[in-house]
Amino acid sequence: MAPSSRDRISVDLHGLKAALHARALAKGVSPSELVRSILAEALSLPAGDGIEQHQAQLGPCTGPRRARLCLRMSRDEAANTLSAARQAGMNPGSFVAGLAAGVPAIQAGGGRADHVAALVASNAELSTFSRNIHHLTHLLRQADVGPALVYRDMLDTLSGDVRRHLALASGVLAELQPRGQAPQQRRP
């Protein structure tokens with residue numbers, strides 16, 4: 001049998017389950033966390049040693065740090081959660097984390113995908129403006145004023161169009177950030 005990436009053991013609690021759950025609830029931890037801390041204390045080990053040793057055996061973490069979270073809910077609640085995550089275009093873990101973090105786009109019931117689609121459409125429009133301005137510049141360099149006049153209306157509204165795009169982009173990004181968290185800015 002291949003070694004497991006997780007240390008697991010099953011224990012028959014002989015009627016101690018209710019007391020274990022009550023104590024864990026009182027301490028605000030999961031039953032597994034409570035058992036691990038009690039075992040670490042009984043074995044005279046710091047509570048984190050087993051986890052750190054296990055992670056050291058797995059090698060350095062190359063991807064984002066992820067943790068498993070088990071949620072107990074009714075079958076209907078689980079189905080609704082999975083359905084809402086699917087409609088938002090997200091995996092269930094990211095969906096629940098977004099709800100807990102207060103991401104407005106997720107809490108409003110709209111999908112993250114809807115916001116991203118609006119931003120992509122606005123970017124496509126801005127890209128069209130860029131191509132048109134490049135073509136206009138080319139025509140003006142050749143002193144070809146007749147065809148250049150076609151772009152006059154576009155130039156008259158360009159400033160407002162760019163401002164609307166920037167307002168949309170900043171709104172979408174704000175809706176995708178957890179409440180109370182400012183967007184991170186890149187530094188050169």
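Residues numbered from 1 in each chain as written. Predicted model: local features only at pLDDT ≥ 70, side-chain atom pairs only at ≥ 80, totals over all residues. Heavy atoms only, no water.

The next thing to look at is the overall build of the protein. Across its full length, the protein holds nine helices and zero strands. Walking the protein from its N terminus toward its C terminus, one meets helices and strands in the order α-α-α-α-α-α-α-α-α. In the protein, which comprises 188 residues, the share counted as buried stands at 16%. In the protein, the share of contacts with a sequence separation of at least 24, taken over all contacts with a separation of at least 6, comes to 48%. Summed over all atoms, the accessible surface of the protein reaches about 15200 Å², with 56% contributed by carbon and sulfur. (Helix = DSSP H or I, 4+ residues; strand = E, 2+ residues; numbered from the N terminus. Buried < 20%, exposed > 50% of the residue type's maximum accessible area, 1.4 Å probe, protein only. Contact = heavy atoms within 4.5 Å. Areas by Shrake-Rupley, 256 points an atom, 1.4 Å probe, with all protein chains shown as cover.)

Here the idea is simple: oppositely charged side chains can pair when their charged atoms come close. The tally for this structure, following the rule as stated, stands at one salt bridge. Taking the shortest distance from any N to any O, the salt bridge between Arg164 and Asp161 comes out at 2.2 Å. Here Arg164 and its partner Asp161 are both found in helix α9 (residues 152–175), three residues apart, which amounts to about one turn of the helix. A relative accessible area of 54% means that Arg164 is categorised as exposed. (Salt bridge = Lys/Arg side-chain N within 4 Å of Asp/Glu carboxyl O.)

Okay, the packing of helix α1 (residues 17–27) against helix α2 (residues 31–42) next. In contact at an axis separation of 8 Å, α1 and α2 are set at 95° when each is read in the N-to-C sense. Between α1 and α2, the angle is such that the two are roughly perpendicular. Of α2, the residues touching α1 (which contributes Leu20, His21, Arg23, Ala24 and Lys27) are Pro31, Leu34 and Val35. (Axes fitted to C-alpha atoms, helices over the stretch in contact; angles between N-to-C directions. Parallel < 35°, antiparallel > 145°, perpendicular 65-115°, else oblique.)

Another point: a nonpolar patch on the surface. The grouping of Val35, Leu39, Leu43 and Leu45 at the surface amounts to a nonpolar patch, some 350 Å² of accessible area in total. With respect to the helices and strands, Leu39 occurs in helix α2. (Patch = residues over 30% accessible without salt bridge, like charges linked within 9 Å, V, L, I, M, F, W, Y side chains within 5 Å.)

Mapped onto the elements of the fold, Val103 is located in the loop between α5 (92–101) and α6 (104–107). Between the alpha carbons of Val103 and Glu175 there is a distance of 6.4 Å; along the sequence they are 72 residues apart.

Looking now at the environment of His138. Assignment of secondary structure puts His138 in helix α7 (residues 112–141). Placed 10 residues apart in sequence, His138 and Ala148 show a C-alpha to C-alpha distance of 9.1 Å.

This part covers the layout of surface pockets. Taken as a whole, the second largest pocket encloses approximately 480 Å³ of empty space. Residue lining of the second largest pocket: 16 residues in total, with Leu69, Leu71, Pro92, Gly93 and Val96 positioned closest to the centre. Mapped onto the lining of the second largest pocket, the elements with two or more residues apiece are α4 (75–87) and α5. Top contributing element to the lining of the second largest pocket by residue count: α5, with five residues. Across the lining of the second largest pocket, the residue classes tally to nine nonpolar, four polar and three charged. (1 Å grid on protein atoms, 1.4 Å probe; cavity = no way out; pocket = protein on both sides within 12 Å on 5 of 7 lines; lining within 4 Å. Points joined across faces, edges and corners; volume = space filled by probe spheres on them. Nonpolar A, V, L, I, M, F, W, Y, C, P; charged D, E, K, R; others polar.)

Its relative accessible area of 15% is what places Asp161 among the buried residues. Separated by 2.2 Å, the side chains of Asp161 and Arg164 make a polar contact. (Polar contact = N/O pair within 3.5 Å; in protein donor to acceptor, adjacent residues only side chain to side chain.)

Next up on the list: the confidence of the model for the protein. Across the protein, pLDDT averages 76, with 78% of residues at or above 70. No element of the protein has a lower mean pLDDT than helix α3 (residues 49–58), at 48, and none a higher one than α4, at 89. Below a pLDDT of 50 lies the segment residues 54–63, which in the model reaches three contacts outside its immediate sequence neighbourhood of four places, other chains included. (pLDDT = per-residue confidence, 0-100.)

With that settled, the discussion passes to the packing of α4 against α5. α5 packs onto α4 with a crossing angle of 95° between their chain directions and a minimal axis gap of 9 Å. Relative to α5, the element α4 is oriented roughly perpendicular. Between α4 and α5, the contacting residues are Thr81, Leu82, Ala84 and Ala85 on the first element and Pro92, Phe95 and Val96 on the second. Residue composition of the contact of α4 with α5, grouped by class: six nonpolar, one polar and no charged.

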